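Examination of the molecular architecture
Given next are the chains, with one letter for each unit.
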Amino acid sequence: MAGSWDGGYDSGSQSDGSYHFEKPHIEPIYDAFVCPLTKQVMRDPVALENGQTFEREAIEKWFKGCKESGRKPVCPLTQKELRSTELNPSIALRNTIEEWNARNEAAQLDMARKSLILGSQESDIMRSLKYVQHICQTSRPNKRVVHNSELIPMIIDMLKSSSRRVRRMSLETLRIVVQEDADNKEILGQGDTVRTIVKFLNNELSKEREEAVSLLYELSKSEALCEKIGSINGAILILVGMATSKSENILTVEKADKTLENLEKCENNVRQMAENGRLQPLLTQLLEGPLETKLSLAAFLGELALNNDVKVLVARTVGSCLINIMKSTDMHAREAALKALNQISSCDASAKVLIDAGILPPLVKDLFTVGSNQLPTRLKEVSATILANVVSSGCDFDSIIVGSDHQTLVSEDIVHHLLHLISNTGPAIECKLLQVLVGLTSSPTTVLNVVSAIKSSGATISLVQFVEAPQNDLRLASIKLLQNLSPHMGHELTDALRGTVGQLGSLIRVISENVGITEEQAVAVGLLAELPERDVGLTRQMLDDGAFGLIISRVIKIRQGEIRGGRFVTAFLEGLVSVLARVTFVLSDEPEAIAVCREHNLAAHFIDLLQTNGLDKVQMVSATALENLSLESKNLTKLPELPPPGFCASIFPCFSKQPVITGLCRLHRGTCSLKENFCLLEGQAVEKLVALLDHTNEKVVEAALAALSTLLDDGVDVEQGVLVLCEAQGIKPILDVLLENRTENLRRRAVWVVERILRTDDIAYEVSGDPNVSTALVDAFQHADYRTRQIAERALKHIDKIPNFSGIFPSMG
């Protein structure tokens, strides 16, 4: 009898996992126990007619080989022919072997139990673990033996070993022990064992991670343990990461994925997977699960934070399902569906998917329905939010049917309903419905329908009143809507703002708040910028309210870097400059406007703003403002007062001599300054305006050319104006504008300026040799509007391309 484990291990230099198990024996093996063919202890011994005993499976294979080779059956030992191949069970021998095995296994289990203790030799622990694996793989009933021997808790303790080989072998052994054995899985589910196994998923050693996830996969086959695994903090997150990893080995990834599939049996696990980016199980349950599960997960979906790509996936997968639930008569079902749809509709791409799935008709119905089946206010707010999300996607809403009478969202009666709700609900719903109108008025294909409906409903004043709402979101939505409407309802909105006390002041207060630069400020100043610039009444009220002083101070602070804005700074500055320019359109009607321009030296600020490269609108508006200011210069110039002639000079003109007055403006023949009469020459603005003639934006070029044309206008010294342009090297850029012929407006402006320039003989003579200029003028003479054709004709006469007949034919006057 062997008193110790037989040599099955070489623990000196073996790498992890290289142990080869050989079954140790406490009692010796008797020759009668061993099959002559397999050389292994028999499990089902059978005897031949000559009394020789073999393992049943082995001798049957022998006889099959004899038959296939065409030989008569013979005894493998004696090689003598057998008359019969009948096999007789050796029951007594089998019982003896089983008893011998039982005695050996009992002794071996006892030895394994003694070795499975922390502090034992690593080699002994490894042999014990390998033995447990062997007996469990040999026979399923042996797993019951391991269970009864209380070996499982001892193997679990080995997970705390400092040896990585012991830990890995312990994980492998536990996996084999629990395979297809519910009782053994239940033991592993007790205490913190599952938590310990989950910790191995984060182990830096890939082999331990692989064994841990394989063990968890076996445990996850138990529905009871699915909930246990999912309840461990971080378990599902780690598994999701492993299942999508590009660096883990394929087996680990597959086992993690299969483990998650098993964990889907528990709804809480499905929720965790969704939170950690594995949404498909939740979507599948929404499509195929029982109604109660559908509603529960729909409500949960409404609380998830999803990125835009995922929202599109969800909309495509379960959008129709959620819309159908939304149509239910059950209020709880409708609430769950609405919350989910609210979440996934907040992305333009997913909103379009929902539109295609038919979300608009039931959504509009929910908002407009009154009576017993109407939604409670809190759900109407959700419906309004979804509608606002959907409308912001920019679809063609004038072709999507939403009502039983083929109405669309921009049909007059639908817009009237929306306006009625806006005036008769709480701030939250009002805000969302205003956002709906913002979306509809942001599209050129639908804005005119909405404008028409607003005018027919008489709702302009009520919409303007929201400018004073105390709620920021509501106020912002209303201002955005008014800004969208202003190009089409400018005069109506201006009348409403002027006619109602407080609203214009509210916009000015928003703009002037010293809180950085917010979206509300950018939108508010954008609204004022869109209103009719020549409306004297509105500008007068802004003058009375001191608005322009506040606005110029904001412009200065932005330019000096005292106010640093984020993404709204450009829109805000463009709006400020546009509103500031309003004051230059009423100079001839409002003396106070001139006073404001002088007080704040606005001409100098607009000249500086010409150089804000990259801000085309600021440059264009500044050039236009300078045009307005320059046109007023001749009316504000102080002409010199000449002394009255003496007595002799009055009788004898030859004695009179006009005094020479120095320091007068070449253009305006008087005393000029940039601040007092806005003279561009005094402000050195000409060079800056000429530089803009090379701009890529034709609107900027047109505004700059218009400002320069004031140097050649009636009431100023045109000849001196041409000299000023020559000195600023502006003649060639002006001619280039004519030659480029980019827009009709630019051609009209350029022809006018060129004709004035060609009144100077030297320039006319030089230009007459340029065939390109002649061709451009001829083209204008032939194809432009009537007024421009007349001017082009005069220009062609200056360069002798058309004969001047005025001296040939006598006047008929």
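Reading the values: the criteria
- Residues numbered from 1 in each chain as written.
- Predicted model: local features only at pLDDT ≥ 70, side-chain atom pairs only at ≥ 80, totals over all residues.
- Heavy atoms only, no water.
- Helix = DSSP H or I, 4+ residues; strand = E, 2+ residues; numbered from the N terminus.
- Buried < 20%, exposed > 50% of the residue type's maximum accessible area, 1.4 Å probe, protein only.
- Areas by Shrake-Rupley, 256 points an atom, 1.4 Å probe, with all protein chains shown as cover.
- Lys, Arg positive; Asp, Glu negative; His and termini not counted.
- Charge placed at Lys NZ, Arg CZ, Asp CG, Glu CD.
- Core = buried A, V, L, I, M, F, W, Y, C linked by side-chain atoms within 4.5 Å.
- Contact = heavy atoms within 4.5 Å.
- Salt bridge = Lys/Arg side-chain N within 4 Å of Asp/Glu carboxyl O.
- Phe/Tyr/Trp six-rings, centres within 6.5 Å; stacked < 30°, edge-to-face > 60°.
- Expected span 1.5 Å × (residues − 1).
- Polar contact = N/O pair within 3.5 Å; in protein donor to acceptor, adjacent residues only side chain to side chain.
- Axes fitted to C-alpha atoms, helices over the stretch in contact; angles between N-to-C directions.
- Left-handed = near helix turned anticlockwise from the far one by under 90°.
- Nonpolar A, V, L, I, M, F, W, Y, C, P; charged D, E, K, R; others polar.
- Disulfide = S-S within 2.5 Å.
- 1 Å grid on protein atoms, 1.4 Å probe; cavity = no way out; pocket = protein on both sides within 12 Å on 5 of 7 lines; lining within 4 Å.
- Points joined across faces, edges and corners; volume = space filled by probe spheres on them.
- pLDDT = per-residue confidence, 0-100.
- Pairing = 2+ DSSP bridges.

1. Brief notes about the overall build of the protein chain
Helix and strand content of the protein chain: 43 helices and 3 strands. For the protein chain, buried positions account for 50% of its 813 residues. Here the protein chain displays about 39,000 Å² of accessible surface, and carbon together with sulfur accounts for 49% of that area. Put simply, the protein chain has 85 plus and 104 minus side-chain charges, and the middle of one group is 5 Å from the middle of the other.

2. Quick notes on the nonpolar core
Counting 194 residues, the largest nonpolar core has Leu 282, Ile 359, Leu 409 and Phe 606 as the members making the most contacts within it. A total of 11 residues in this core trace back to one element, the largest contributor, which is helix α25 (residues 472-499). The residues touching Phe 606, leaving out its near neighbours within four places in the chain, are Val 577, Leu 580, Ala 581, Thr 584, Ser 622, Ala 625, Leu 626 and Leu 629.

3. A closer look at the pattern of salt bridges
For the coordinates displayed, the defined rule picks out 37 salt bridges. Measuring nitrogen to oxygen at the nearest pair gives 2.7 Å for the salt bridge that ties Arg 540 to Glu 590. Residue Arg 540 is located in helix α28 (residues 536-544), and its partner Glu 590 is located in the loop between α30 (569-581) and α31 (591-599); the two are separated by 50 residues in the primary sequence. Relative accessible area serves as the criterion here: at 8%, Glu 590 is assigned to the buried category. We note a salt bridge from Glu 627 to Arg 749, for which the minimum N-O separation is 3.8 Å. Here the residue Glu 627 occupies a position in helix α33 (residues 616-636), and Arg 749 occupies one in helix α40 (residues 744-757), the gap between them amounting to 122 residues.

4. With respect to the packing of aromatic side chains
Enumeration over the complete set of coordinates arrives at 2 aromatic pairs. Both rings, one in Tyr 30 and one in Phe 33, keep their centres 5.3 Å apart while their planes meet at 75°; by these two values the pair is edge-to-face. Overall, Phe 33 belongs to the buried group, its relative accessible area being 5%. Look at Phe 33 and Trp 100: their rings are 5.6 Å apart centre to centre, the planes differ by 65°, and that puts the pair in the edge-to-face class. Remark: Trp 100 occurs in helix α2 (residues 91-115) and Phe 33 occurs in the segment before β1 (45-47); sequence separation between them is 67 residues.

5. So, the side chain of Ser 115
Take Ser 115: it is sitting in helix α2. Taking the relative accessible area as the measure of exposure, Ser 115 reaches 10% and is therefore buried.

6. With respect to helix α37 (residues 698-709)
For α37, spanning 12 residues, the distance from its first C-alpha to its last is 16 Å, which sits close to the expected 16 Å at 1.5 Å a residue. Most of α37 sits out of view: 9 of its 12 residues are buried. In this fold, the buried residues of α37 make contact with α33, α36 (686-691), α38 (718-727), α39 (731-740) and α40. A side-chain oxygen of the first residue of α37 lies 2.9 Å from the backbone nitrogen of Lys 699; this N-cap is Asn 697.

7. Some details on α40
Under the 1.5 Å per step criterion, the end-to-end length of α40 is 20 Å for 14 residues, consistent within 8% with the ideal 20 Å. Among the 14 residues that make up α40, 10 are buried, leaving the element largely enclosed by the rest of the structure. Every buried residue belonging to α40 is among Leu 746, Arg 747, Ala 750, Val 751, Trp 752, Val 753, Val 754, Glu 755, Arg 756 and Ile 757, and all of these are buried.

8. Some thoughts on the packing of helix α21 (residues 412-424) against helix α23 (residues 447-457)
For the pair α21 and α23, the least separation of the axes is 9 Å and the interaxial angle reads 60°. α23 is crossed by α21, and the crossing has right-handed handedness. Across from Glu 412, Val 415, His 416 and Leu 419 in α21, the residues of α23 making contact are Val 450, Ser 452, Ala 453, Ile 454, Ser 456 and Ser 457. Residues of the contact of α21 with α23, tallied by class, amount to 5 nonpolar, 4 polar and 1 charged.

9. What to know about the state of the cysteines
Here the structure, examined in full by the defined rule, presents 0 disulfides. Looking at the unpaired Cys 266, the closest cysteine sulfur is the one in Cys 226, lying at 7.4 Å. Accessibility expressed as a relative area gives 12% for Cys 266, which makes it buried. Sulfur of Cys 347: no disulfide; nearest cysteine sulfur belongs to Cys 395 and is 12 Å away. Classification of Cys 347 by relative accessible area gives buried; the value is 8%.

10. Describing the layout of surface pockets
When its volume is computed, the second largest pocket comes out at roughly 480 Å³. What lines the second largest pocket is a set of 21 residues, among which Glu 533, Arg 534, Phe 585, Thr 624 and Asn 628 lie closest to the centre. Within the residue set of the lining of the second largest pocket, elements represented by two or more residues are α27 (519-530), α30 and α33. The element that contributes the greatest number of residues to the lining of the second largest pocket is α33, accounting for 9 residues. Residue composition of the lining of the second largest pocket, by class: 9 nonpolar, 5 polar and 7 charged.

11. Points about the confidence of the model for the protein chain
Predicted coordinates in regions of low pLDDT should not be interpreted in detail. The share of residues in the protein chain with pLDDT of 70 or more is 92%, and the mean pLDDT across the chain is 89. Ranking the elements of the protein chain by mean pLDDT puts helix α34 (residues 647-651) last with 56 and α37 first with 96. Here residues 1-23 scores under 50 on pLDDT; set against residues more than four positions off or in separate chains, the count is 44 contacts.

12. Notes on the sheet that holds strand β3 (residues 88-89)
The 3 strands lie next to each other as β2-β1-β3, forming an open sheet whose pairing is antiparallel. Looking at the sheet topology across the chains shown, the edges are occupied by β2 (53-55) and β3. Across 2 bridges, β1 lies against β3 in antiparallel orientation. Residue pairing across strands places Ala 47 opposite Asn 88, the latter belonging to β3.

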